[in-house]
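Here is how the chains run, residue by residue.
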Amino acid sequence: MKKFTTFILLLTFFSSISSVKKIWKGSTSFENAKSWKNQIPPSKNCSNQVIKFPVDLYAPVIVGDNIDASELILSENGGLLLSSDVSITLTNKVTQNDQKCDKEVVFAPPRPAKWFSAGNWEAVFDEKDQKYNKATPDTHKIPCEDDFVVFPNDSTILVDLNFAPYLNFHAINLNGKTYKEDFKEFLNSELGSLMFVNSLATTVNVGKCSDGHNCVCEHQNYLCDDVNCDEKGAFCVDPIQPKGFCCKLCGSFIEFEVSPHFNVSTFLRSVDKTLSFSSLDKKSVEYFAAFSSKNSLQLVVVDKEAGNEMHGPIASYLKQNLIDKMFKTQFLFQQSGMSYVPGTNNVFSFIFVTFLVVAAFLGAFYVYHYEDRSISNLLAMLRNRQLPTGSQFIFARFDNQRTDETVDIDVVQIVEDEDDEKEDEVKPSSFNNPLYDDKSKFAVEDNSETSVSNEETEMKETTAAELEEVDLLGPNEE
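Heads up: these notes are all about the structure in this document. (Residues numbered from 1 in each chain as written. Predicted model: local features only at pLDDT ≥ 70, side-chain atom pairs only at ≥ 80, totals over all residues. Heavy atoms only, no water.)

### So, the sheet that holds strand β15 (residues 177–179)
The condition is simple: Two strands qualify as a pair provided that DSSP identifies no fewer than 2 bridges between them. Under the scheme used here, helices are H or I runs from DSSP no shorter than 4 residues and strands are E runs no shorter than 2 residues, and both carry numbers assigned from the N terminus. Every axis in this analysis is a line fitted to C-alpha atoms, fitted for helices over the stretch in contact. Angles between the N-to-C directions lie between 0 and 180 degrees.
With mixed pairing, 5 strands are arranged side by side in an open sheet as β10-β1-β11-β14-β15. Across the chains shown, the open sheet's two edge strands, defined by having one partner strand only, are β10 (121–124) and β15. Taken pair by pair, the neighbouring strands of this sheet meet at an average axis angle of 25°, ignoring direction. Judged from the 3 bridges that link them, strand β1 (residues 21–24) and strand β11 (residues 148–151) form a sheet pairing that is parallel. Considered in β11, the bridge of K21 is made with F148.

### Some details on the pattern of salt bridges
To be explicit about the condition: Put simply, a salt bridge is a Lys or Arg side-chain nitrogen that is within 4 Å of an Asp or Glu carboxyl oxygen. Burial classes follow relative accessibility: with a 1.4 Å probe on protein chains only, a residue under 20% of its type's maximum area counts as buried, one over 50% as exposed, and anything between as partly exposed.
Taken as a whole and judged by the stated rule, the model has 4 salt bridges. Of the charged contacts in the structure, one is a salt bridge between K22 and D147, with a shortest N-O distance of 2.6 Å. Of the two residues, K22 is situated in strand β1 and D147 in the loop between β10 and β11; the sequence distance between them amounts to 125 residues. Assigned by exposure class, K22 and D147 land together as buried. Between K243 and E255 there is a salt bridge, and its shortest N-O distance comes to 3.1 Å. A residue pair is termed long-range when its members are at least 10 positions apart, and K243 in the loop between α5 (229–232) and β18 (252–257) and E255 in strand β18 qualify at 12 residues. Residue K243 is classed as partly exposed on the basis of its relative accessible area of 44%.

### With respect to helix α6 (residues 264–276)
The cut-off we apply is this: Expected helix span is computed as 1.5 Å times (number of residues minus one). We call two N or O atoms a polar contact when they sit within 3.5 Å, provided that within protein one can donate a hydrogen and the other can accept it, with sequence-adjacent residues counted only if both atoms are side-chain atoms.
Taking 1.5 Å of rise per residue, 13 residues should cover 18 Å, and α6 covers 19 Å from first to last C-alpha, within 8% of that figure. Listed in full, the buried residues belonging to α6 are V264, S265, T266, F267, L268, S270, V271, T274 and L275. Between the side-chain oxygen of the N-cap and the backbone nitrogen of S265 there are 3.1 Å, and the N-cap of α6 in question is N263.

### Re the nonpolar core
Rules: Put simply, buried Ala, Val, Leu, Ile, Met, Phe, Trp, Tyr and Cys residues joined by side-chain atoms within 4.5 Å make one nonpolar core. Only heavy atoms matter for contacts: two residues are in contact if any of them lie within 4.5 Å across the pair.
W115, F151, I172, L174, F183 and F196 are the most contacted members of the largest nonpolar core, which totals 28 residues. Secondary-structure elements contributing two or more residues to this core are β11, β13 (166–169), β14 (171–174), α2 (183–188) and β17 (203–206). With 3 residues, the single largest contributor to this core is α2. When neighbours within four sequence positions are excluded, L174 is seen to be in contact with F151, I157, Y179, F186, M195 and F196. With 24 residues, the next largest nonpolar core counts I254, V258, M310 and L318 among its residues.

### Considerations on the packing of α6 against helix α7 (residues 311–326)
Think of two packed helices as two axes; the pair is described by the angle between the axes and how far apart they sit. To be explicit about the condition: These descriptions rest on fixed angle ranges, namely under 35 degrees for roughly parallel, over 145 for roughly antiparallel, 65 to 115 for roughly perpendicular, and the rest for oblique. Only Asp, Glu, Lys and Arg are considered charged in this grouping, and only Ala, Val, Leu, Ile, Met, Phe, Trp, Tyr, Cys and Pro are considered nonpolar; every other residue, Gly among them, is considered polar.
Between α6 and α7, the least distance of the axes is 10 Å, while the angle of their chain directions is 105°. Accordingly, the angle class assigned to the pair α6 and α7 is roughly perpendicular. On the side of α6, the interface is formed by F267, S270, V271, T274 and L275, while α7 contributes I314, Y317, L318, N321 and L322. Grouping the amino acids of the contact of α6 with α7 by side-chain chemistry returns 7 nonpolar, 3 polar and no charged.

### Description of α7
Test applied: Here the bend at each residue means the angle between axes fitted to two seven-residue stretches, the one ending at that residue and the one beginning there.
A rise of 1.5 Å per residue sets the reference length of α7, with its 16 residues, at 22 Å; its end C-alpha atoms lie 21 Å apart and thus fit the reference within 8%. By the largest-angle criterion, K319 marks the main kink of α7, which is about 40°. Those residues of α7 lying buried are H311, G312, I314, A315, L318, K319, L322 and I323. Packed against the buried residues of α7 are β18, α6, β19 (285–293), β20 (296–303) and β21 (331–335).

Okay, here's the thing in structure tokens:
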């Protein structure tokens, strides 16, 4: 029974799915107050009004209701597109209601809205189509190869194609008419060039994915040109960027190889069934599956609310219990790190910098009051370009210079006796540097006579000085 169920499941993967409708939201209408300056549209009860279309209006204005006015000023480059049941009445009659009306109303020229902008499209799904959510790639929010494109009737359309080489869609409905390959002819027409600007080199790709198989949404480079990722923000560690997304996000994704006729809708039903057997809360996440290339499918899982941290466990569970068992191919599995509250990283940085400043201040205070010699040692080290050592002293090295002369140190000892002045034996001595040759020992003998004569001279000078003292003192003081 288990093998039979698996066989039926694989067969259902190759069934077709329906296309999604993409409705254009960038149009304006003649009756909409936002299409007029000061948001004052023409009034049906004011037949004496002047309706003016500015000179810089280049788009054709589609009128879906009757016009009653005293004067109608048209733009030189623009025009009016009227339905078959719409009439224009110009009159000079003044009624009582005209006194309360504005004399002139001016149409505000619309700006071209970009085809490759997710905000200009609204998706309408069938019951079995997967709905767009936070896990939907940005490239799927603009028309893809299997989408029906719808431009609302009775609305002014001015679309910027940004010189794109081609457009992807299954069919286009414009002004009640359906276009496919012939939409290229409409772009080259006079009316088409007014409604779709920057379309000289644009072609159309139709029917490549009309049955829902292997639908790849492209034009990511055109789509992401005007997207500001700083406004969205991915408040997590190591955010991911799956294919088709303009900005990084917090979540997980799995990319694996599939058959060219793989069915996405049936795969999503298998995902729901697999998660139903687990204890994980699948309601806390959103996921979306789509083709990232011709033979690769990408499953993206994100948290509905930041901080749930359920995308990782659920993506890992699906990989182990569904993808690894059914698809024996290579795959890519990535997930972001922990999420955080926006602004907390700035708080942590402020705390860290404050800690460094306080530590530096306390260190300088301690060194200044308790370690005065540390500063002097540091300055000396910088001057001498030496590394710090454990000693507080700096040793200056000197080299002995060898010469032929010797350095002699003579010591003379004089001993005076109280009874008689007796000169003790003079013992000359000297210090010989052992680094010099033995000839230095003869310096003592050569200089001995000179040393004795010098000592005698000093003794005579000392005796003469004592005698002078005796003469000065006189006989009484003796």
